[in-house]
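# Understanding the architecture of this molecule
Now for the letters of each chain:
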Amino acid sequence: MSTVIASNVPISEDRKAILKEEREHPVCVLSEKQKDILQTTWKPLGDSEDQLQQVGITLFHRIFEIAPQAIALFPKFRDVPAEKREEDEAFRSHAYKVMEAIGLALSFLDDVDTLVGVLEDLGSMHVVHGIQDAHFEVVGSALIWTLAKEFGENFTEEISQAWTSMYCFVADCMKKGLHEAYELQGQ
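Quantities reported herein were computed from a predicted structural model and do not represent experimental measurements. (Residues numbered from 1 in each chain as written. Predicted model: local features only at pLDDT ≥ 70, side-chain atom pairs only at ≥ 80, totals over all residues. Heavy atoms only, no water.)

### What to know about the side chain of Thr58
Within the secondary structure, Thr58 is located in helix H3 (residues 49-66). Given the relative accessible area of 11%, Thr58 is considered buried. (Helix = DSSP H or I, 4+ residues; strand = E, 2+ residues; numbered from the N terminus. Buried < 20%, exposed > 50% of the residue type's maximum accessible area, 1.4 Å probe, protein only.)

As structure tokens, this is what we get:
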């Protein structure tokens, strides 16, 4: 029996197996042009630690605007009032670490095997916080919004597409690691 996708085109059993394999083993499908776009647009964001941290703070403000309940996932600063978060060292540090992880991922774009391993490990570490797949969607949306805000009118569709593709890959790898960690816990 074949499965039907949204466009009502049947998918063969062989194709279903390939799709399953792709979900289990994400492939970085960024073109060389997209990699160049990512590196070029990242450079001004990562010029200084302060700049990178500020972008991370903007990202987290957006995450909490989209999903206010997400603050509960951050025990180190969940009790800090919203208006005081930017002053909180744990919040600032986490914002910076997330942006630093994005920079690390970008540095491994030409070594996908290493990148996949790093991202899967990172995903597995998030199991202790109860992270679920839906949380990745919120972060992805917040990341693209944050980048659009940072670059203003210079944030073209081409740049958006490159970052969206990159984030989808990162999220897929992290989710794989997260799922494996949950399976090890019997969840």
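### Points about the side chain of Lys175
As for its placement among the helices and strands, Lys175 is situated in helix H7 (residues 157-184). What Lys175 contacts, discounting residues up to four positions off in sequence, is Asp133 and Phe136. (Contact = heavy atoms within 4.5 Å.)

### Examining helix H6 (residues 133-151)
The end-to-end C-alpha distance of H6 is 28 Å, a good match for the 27 Å that 19 residues give at a rise of 1.5 Å each. Among the residues of H6, those classed as buried are Phe136, Val138, Gly140, Ala142, Leu143, Ile144, Thr146, Leu147 and Phe151. On its buried face, H6 sits against helix H2 (32-45), H3, helix H4 (89-107) and H7. Directly beyond the C-terminal end of H6, a positive phi value near 60 degrees is found at Gly152. (Expected span 1.5 Å × (residues − 1).)

### Looking at H4
Here H4 is 19 residues long and its end C-alpha atoms lie 26 Å apart, about the 27 Å a rise of 1.5 Å per residue gives. Within the span of H4, buried status applies to Phe91, Ala95, Tyr96, Met99, Ile102, Gly103, Ala105 and Leu106.

### Points about the nonpolar core
The biggest cluster of nonpolar side chains holds 53 residues, and the ones touching the most others in it are Leu38, Trp42, Ile63, Phe64, Leu106, Trp163 and Met166. At the level of elements, H2, H3, H4, helix H5 (112-125), H6 and H7 are the ones that each hand at least two residues to this core. Not counting residues up to four positions away in its chain, the partners in contact with Met166 are Leu30, Leu38, Ala105, Leu106 and Leu109. (Core = buried A, V, L, I, M, F, W, Y, C linked by side-chain atoms within 4.5 Å.)

### Some thoughts on the confidence of the model for the protein chain
In the predicted model, the protein chain carries a mean pLDDT of 86, and 84% of its residues have values of at least 70. A low-confidence stretch, residues 1-11 stays under pLDDT 50, and its non-local contacts, those more than four residues away or across chains, total 14 contacts. (pLDDT = per-residue confidence, 0-100.)

### Details of the layout of surface pockets
One number sums up the size of the largest pocket: a volume of about 1,200 Å³. Taken together, 41 residues line the largest pocket, and the ones lying closest to its centre are Phe60, Phe74, His94, Val98 and His126. Among the elements that make up the lining of the largest pocket, the one with the highest residue count is H4 (10 residues). When grouped by side-chain class, the residues that make up the lining of the largest pocket number 32 nonpolar, 6 polar and 3 charged. (1 Å grid on protein atoms, 1.4 Å probe; cavity = no way out; pocket = protein on both sides within 12 Å on 5 of 7 lines; lining within 4 Å. Points joined across faces, edges and corners; volume = space filled by probe spheres on them. Nonpolar A, V, L, I, M, F, W, Y, C, P; charged D, E, K, R; others polar.)

### Quick look at the packing of aromatic side chains
Inspection of the entire model under this criterion finds 8 aromatic pairs. On the numbers, 5.5 Å between centres and 85 degrees between planes, the contact of Phe60 with Phe74 is edge-to-face. Of this pair, Phe60 sits in helix H3 while Phe74 sits in the loop between H3 and H4; the two residues are 14 residues apart in sequence, bridging distant segments of the chain. With respect to class, Phe60 is no different from Phe74; both count as buried. Ring geometry for Phe151 versus Phe155: centroids 6.5 Å apart, planes at 10 degrees, classification stacked. Members of the aromatic cluster, each reached through a chain of ring pairs, are Phe60, Phe64, Phe74, Phe77 and Phe91. (Phe/Tyr/Trp six-rings, centres within 6.5 Å; stacked < 30°, edge-to-face > 60°.)

### Observations concerning the environment of Gln34
Within the fold, Gln34 resides in helix H2. Look at Gln34 and you get buried, because its relative accessible area is 15%. The spacing of Gln34 and Ser165 is 131 residues in sequence and 8.7 Å in space, taken between C-alpha atoms. Not counting chain neighbours up to four residues away, the residues in contact with Gln34 comprise Val29, Gln161, Ala162 and Ser165.

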